[in-house]
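# Working through the structure, step by step
Residues per chain are reported as follows:
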Amino acid sequence: MRYPVDYIVVTQPFKNHYGVDLGWSSKILGKNQPIYAVDDGVVIYNRHQISGGYVIQIRHNNGFVSEYGHLKKNSQKVHEGDKVKKGQHIADMGGTGIVTGNHLHFGLYKGTSINYKDRSKFVNPLLYLYVYDGQTVNPGTLEKYNILYNHDPYQKGIYKCLYNMNIRRTPNGERVKVKECTNAMKPALVSQN
C-alpha cells in the first residue's frame, strides 16, 4: 500500500490514536493537498461524522479497510460503492470535524468494515505503507519513524531484483545466493540473470 499523500509528515503517531495524522507543508502542496487511495478497493463509507469530519472508508482485497478523516468539505471525488485504484485521487486534505488544523487522520483496520467498539483491530499504518515514486518524506519524519520504501522488482526489472537479492549465475547456468557460496566459488559467479 502507498501513502495517501504526496508530502509525508507524521504529526501524530499511532500510539493511543487508532491511526496516524499526516500533516502538510506550506512550501509543498499546501494544506489542501490531494488524498489518494492507498490500494485498490471499494468505497464502503463516505459521510460526515461529528469528530472525524468528512470521512471516507475503503475496503481492500488484502483484508484491510483504510479510513481517511477530516477531509475538506465537498472535495470527495468518490461515492459509496465506487471501485477505486491505488493512487486514485479520492478527496482533499481538510480541517473538518474536531481538529486543531488541517491534516489527514489515516487509519488502517483489519477486517471488512470498521467497528469503533473493537479498536483492537486498528493497526499502525506505518508498518504497511510504502513510499512510491513522486512522494516526498519530511526529513524529521524520516529521522523519527521507520519509513518503508517501495522496491517493486517489476518496476526495476528482473536483473535489478536478482542483483539486489545477491543472486548470481554460476558458469553452468545455475542461480545461487552469494551468501550460500564458498569463497572458492565466488570469483566464478557472474552478475547477469
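Figured I'd write up the structure that's included with this text. Numbers given for residues are sequential positions, taken from 1 along each chain in its written order. Reporting in this predicted model follows two pLDDT cut-offs: at least 70 for local features of residues, and 80 or more for side-chain atom pairs to be given and counted; totals over whole chains, interfaces and linings ignore these cut-offs and use all residues. Computation of side-chain values: all heavy atoms of the structure, hydrogens and water removed.

### Remarks on the pattern of salt bridges
Worth spelling out the cut-off: Any carboxyl oxygen of Asp or Glu that lies within 4 Å of a side-chain nitrogen of Lys or Arg is treated as forming a salt bridge with it. Using a 1.4 Å probe on the protein chains alone, a residue whose accessible area is under 20% of its type maximum counts as buried, one over 50% counts as exposed, and one in between counts as partly exposed.
Applying the stated rule across the entire model yields three salt bridges. Put simply, Asp-118 and Lys-121 hold a salt bridge, and the shortest N to O gap is 4.0 Å. A relative accessible area of 24% means that Asp-118 is categorised as partly exposed. For Lys-121, a relative accessible area of 39% gives the class partly exposed.

### Looking at the nonpolar core
Put simply, the test is: Only buried residues count toward a nonpolar core. Its members are Ala, Val, Leu, Ile, Met, Phe, Trp, Tyr and Cys residues joined through side-chain atoms within 4.5 Å. A run of H or I in DSSP becomes a helix once it reaches four residues, and a run of E becomes a strand once it reaches two; helices and strands are each numbered from the N terminus.
Counting 31 residues, the largest nonpolar core has Ile-35, Ile-56, Ile-58, Tyr-68, Ile-90, Leu-104 and Phe-106 as the members making the most contacts within it. Elements with a contribution of two residues or more to this core: strand S3 (20–22), strand S6 (53–59), strand S7 (64–71), strand S9 (89–92) and strand S10 (104–110).

### Regarding the packing of aromatic side chains
For clarity, the threshold we go by: For this analysis, a ring pair means two rings from Phe, Tyr or Trp (six-membered ring only for Trp) whose centres lie within 6.5 Å, classed as stacked if their planes differ by under 30 degrees, edge-to-face if by over 60, and tilted for the remaining angles.
The final tally for this structure, using the stated rule, is four aromatic pairs. Residues Tyr-109 and Phe-122 carry aromatic rings whose centres are separated by 4.9 Å and whose planes lie at 75° to one another, so their mutual orientation is edge-to-face. You can see Tyr-109 sitting in strand S10 and its partner Phe-122 sitting in strand S11 (residues 122–123), a full 13 residues away along the chain. Counting every residue linked through ring pairs, the aromatic cluster contains Tyr-18, Tyr-109 and Phe-122.

### A short note on the pairing of S6
Just so we agree on the cut-off: Strand pairing requires that DSSP identify at least two bridges connecting the strands.
Judged by how many residues are buried, S6 sits mostly within the fold: five of seven residues are covered. The pairing of strand S5 (residues 41–49) with S6 spans seven bridges and is classified as antiparallel. Residue pairing across strands places His-48 opposite Tyr-54, the latter belonging to S6. The hairpin turn running from S5 into S6, its antiparallel successor, is three residues long.

### Some words on the side chain of Ser-66
Operational definition: Any pair of residues with heavy atoms lying within 4.5 Å of one another is described as a contacting pair.
Structurally, Ser-66 can be placed in strand S7. Among all residues touching Ser-66, those that are not within four sequence positions of it are Val-38, Ile-56, Gln-57, Ile-58, His-60, Phe-106, Gly-107 and Leu-108.

### Some remarks on the layout of surface pockets
Our working rule: A pocket, in this scheme, is an open set of points on a 1 Å grid over the protein atoms alone with protein on both sides within 12 Å along at least 5 of 7 lines, while a cavity is a set where a 1.4 Å probe fits but cannot get out; residues line either one if an atom lies within 4 Å of a point. Grid points are joined across faces, edges and corners, and a volume is the space filled by probe spheres set on the points. Each residue gets one of three labels, nonpolar for Ala, Val, Leu, Ile, Met, Phe, Trp, Tyr, Cys and Pro, charged for Asp, Glu, Lys and Arg, and polar for the others, Gly among them.
When its volume is computed, the largest pocket comes out at roughly 260 Å³. Considering the residues around the largest pocket, the lining is formed by 16 residues, among which Gln-49, Ser-51, Gly-52, Glu-67 and His-105 are closest to the centre. It is S7 that provides the largest number of residues to the lining of the largest pocket, a total of four residues. Taken together, the residues of the lining of the largest pocket break down into five nonpolar, eight polar and three charged.

### What about the environment of Val-123?
In this structure, Val-123 sits in strand S11. Exposure remark for Val-123: the relative accessible area of 13% places this residue in the buried category. When the C-alpha atoms of Val-123 and Gly-19 are compared, they prove to be 7.3 Å apart, with 104 residues separating the residues in sequence. In this structure Val-123 touches Phe-14, Phe-64, Leu-108, Lys-110 and Tyr-128, once residues within four positions along its chain are discounted.

So far we have only geometry, and geometry alone does not tell us how the molecule works.
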